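Structural overview
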Amino acid sequence: MGDMRNLLKMLMMVVFVGWMFVWVMISTNLFKNKWTPKMTKYFNTTYFGPQGINLVLLTVPMMFIAVLSCLYLHIQKKPTQTQSKSKIKGRMGRVMMVMNPLGIVTATEFTFSILFVALLFWALANYLYISYFVSLHNHDNAELWMAKFRAFGLRIGYVGHYCWAFLFFPVTRASTILPLVGLTSESSIKYHIWLGHISNFTFLVHTVVFLIYWAMTNQLMDTFAWNPTYVPNLAGTIAMVIGIVMWVTSFPYYRRKKFEIFFYTHQMYGLYIIFYMIHVGDSWLCMILPNMFLFFIDRYLRFLQSTKRSRLVSARILPSDNLELTFSKTPGLQYTPTSILFLHVPSLSKLQWHPFTITSNSNLEKDTLSVVIRRQGTWTQKLYTHLSSSIDSLEVSTEGPYGPNSLDLRHDSLILVSGGSGVTPFISVIRELIFQAQNQTTKIPDVLLVCAFKYYHDLAFLDLIFPPDISVSDISRLNLRIEAYITQEDKKPEAADDTRLLQTKWFKPQPLDTPISPVLGPNNILWLGVVILSSFVMFLLLIAIVTRYYIYPIDRNTGKIYNFSYRVLWDMFLGCVCIFISSSVVFLWRKKVNMEGDKESKKQVQSVDFQTPTSSPGSWFCSHERELESVPYQSIVQATTVHFGSKPNLKKILLEAKGYKDVGVMVCGPRNMRHDVARICSSGLAKNLHFEAISFNW
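Described below are features of the structure shown in this document.

Criteria and cut-off values
Residue numbering note: each chain is counted from 1, following its sequence as written. For a predicted model such as this one, the threshold for reporting local features is a pLDDT of at least 70, and the threshold for listing and counting side-chain atom pairs is 80 or more; totals across whole chains, interfaces and linings nevertheless cover every residue. Working from all heavy atoms in the structure, the side-chain values ignore hydrogens and water. Counting from the N terminus, the helices are the DSSP runs of H or I reaching at least four residues and the strands are the DSSP runs of E reaching at least two. To estimate the expected span of a helix, subtract one from its residue number and multiply by 1.5 Å. Residue contacts are defined here by distance: any two heavy atoms, one from each residue, within 4.5 Å place the two residues in contact. When a residue's accessible area, from a 1.4 Å probe over protein chains only, is under 20% of the maximum for its type it is buried; when over 50% it is exposed; and in between it is partly exposed. Should DSSP find at least two bridges between two strands, the strands are regarded as paired. Arc, as used here, means the arc of the directions from the helix axis to the C-beta atoms.

1. Quick word on helix α7 (residues 189-216)
With 28 residues, α7 ought to run about 40 Å at 1.5 Å a step, and its terminal C-alpha atoms sit 41 Å apart, in line with that. Directly beyond the C-terminal end of α7, a positive phi value near 55° is found at N218.

2. Quick word on the side chain of N126
Relative to the assigned elements, N126 resides in helix α5 (residues 107-134). In this structure, N126 is in contact with S27 and T28, ignoring residues within four places of it in sequence.

3. Thoughts on the pairing of strand β5 (residues 323-328)
Burial analysis of β5 places six of its six residues in the buried class, which makes it a mostly covered element. Residues L323, L325 and F327 point to one face of β5 and E324, T326 and S328 to the other, with burial holding for every one of them. Here strand β4 (residues 312-317) hands over to β5 after five residues, with D321 in that stretch at a positive phi of 70°. With six bridges joining them, β5 and strand β8 (residues 368-373) adopt antiparallel strand pairing. Bridging from a neighbouring strand, T326 pairs with S370 of β8.

4. Thoughts on helix α13 (residues 378-388)
Among the residues of α13, W379, T380, L383, Y384 and L387 are the ones counted as buried. With its buried residues spanning 135° around the axis, α13 presents them on a single face.

5. Re the sheet that holds strand β9 (residues 396-402)
Either a parallel or an antiparallel arrangement is found when strands of a sheet pair, and the pairing is made through backbone hydrogen bonds. Taken in spatial order, the five strands line up as β7-β6-β9-β3-β14 in an open sheet, and their pairing is mixed. A strand with exactly one partner marks an edge of an open sheet, and here the two such strands are β7 (354-357) and β14 (513-514). Where strand β3 (residues 309-310) lies against β14, two bridges are found, and the strand directions are parallel. Bridge assignment links R309 to a residue of β14, and that residue is D513.

Here's what the structure looks like:
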């Protein structure tokens, strides 16, 4: 297995380097005037037309990597003996710098960012060299400086197109590409944001330059021209209008304070893509096709998963007025700590989906999955009010779980720093350590949980650390210490007593409710590879058939050029058809194969007796004289030191870990907290700190 994995890794690396080499060379005069004429006779055949070169050089290699990565990730989930003895640091690493607006940047991220920006400038410089010194197009007989001004606008639009070759990789939630470099969709959203800003800026410059040029040459009406045999300007104008709306509403003010505006305007991405593709044509579509093809496969599979209603078992209302929802799941559904689940409640909103942290552990809790929801927005406030009423069932759909392919916790010590609800992903981390501790030969790191809350009642989050049915023996090997800081209160409130209860509400199972299950069943990643391979091969075959037996005869027999826009519409239509057919067939086949297991799970769900809402004391809201009901929960209280009226001295806490050779540092909370921890870890004061930030800011 190890040799196969290394072979696949080397093969993917070679193909990727070759793919990037094409991106470096495609803007050069050598590629345009020397290589392209030679490749045209081999690739631009009657089966693929003018898109043949880009299809072979830029589409096929990345799709090949996407298929191989499915096999690689499947093998990686089965650790070999060599792996189990080695110290793999996973995503944790060294921070290079912390700066706004980029945030936390590692050395790897910084290197790739510099190389990508260099690629953009390299491409622009080469394109301008060709336009200014090799072949300047001046069909309008404008003055020389005007023609060069137009060429600049055209070429900077080309540079924006480079960004689109990578734009959709970060938002492909079940990506097969991101795990190869230790990323998840949640952790790489910032790359989508950066690429979106760069591409929209370059497209805006492209648009403004052409508007000025057309105004100077009295051709302003060309803005609305739709040429049947060349670039349709109107399509680009429409795409730019949509793009500006999406761009403006994606800035932090809208994303964080007016999320619904951001969410609904971003749903226009489909129209944006359609008009943008019509504007650039089929050859340029093939340059950016891989990341879009993979994104739409993922999007359609998510749609298939979301059509099922998920079985909501119970809701726990914490004394802090936050919620824990518990769903039924199939035993075969596996996920890693820090994963998230997207929820959709039709009675609250027909369109909105919201991500929440999973606190359960798939190894400890085989049949249930839990998420924690903090009441802090319009949607969550509505959900809290809804669950607090006298309902006995709730229709919920889910997508996911999504998370890292693996998470290495093999350190001498683990420091978990959180702020507010940022403690929730660490609940799943601690539960994973509890599971690993059941193997007596596994070394378990000492765990320090540093959590900052505004108010005392937020300590109820700590009651969720252990699963409900945990025993003393299960946690005997876990060396857990908790330092809790209450920042807005100087002492324990007098009202913090038995009156604050943890309430549990149980829901009746409904006929259409089903346990949460993997989209494609067990070995999900392998079947995803089947979907990618079959849909792409089908796409190539259909494109070849349509081009050879429909488009080519029109060009040859009529002497006319086939409609420019229709070519790219064929590509988009056939791509969607292939994704729909392949994904649906594999999904339905896997659903049929797993039907017996689903029936058994559903019987277990239906057998759960409906219980009336109950209340139980939270460990932090019981009188000191009162004996806690559960010994494990006593251990939480005993392991916790509460500090009132102060914030944690993060530098002091982290530097005190010098006694350990290898310290993993994970942080989840407000941006300033993440940045402070990152600066300390990158300061060089302690070389044993390995940093990782968890952020769910969308």
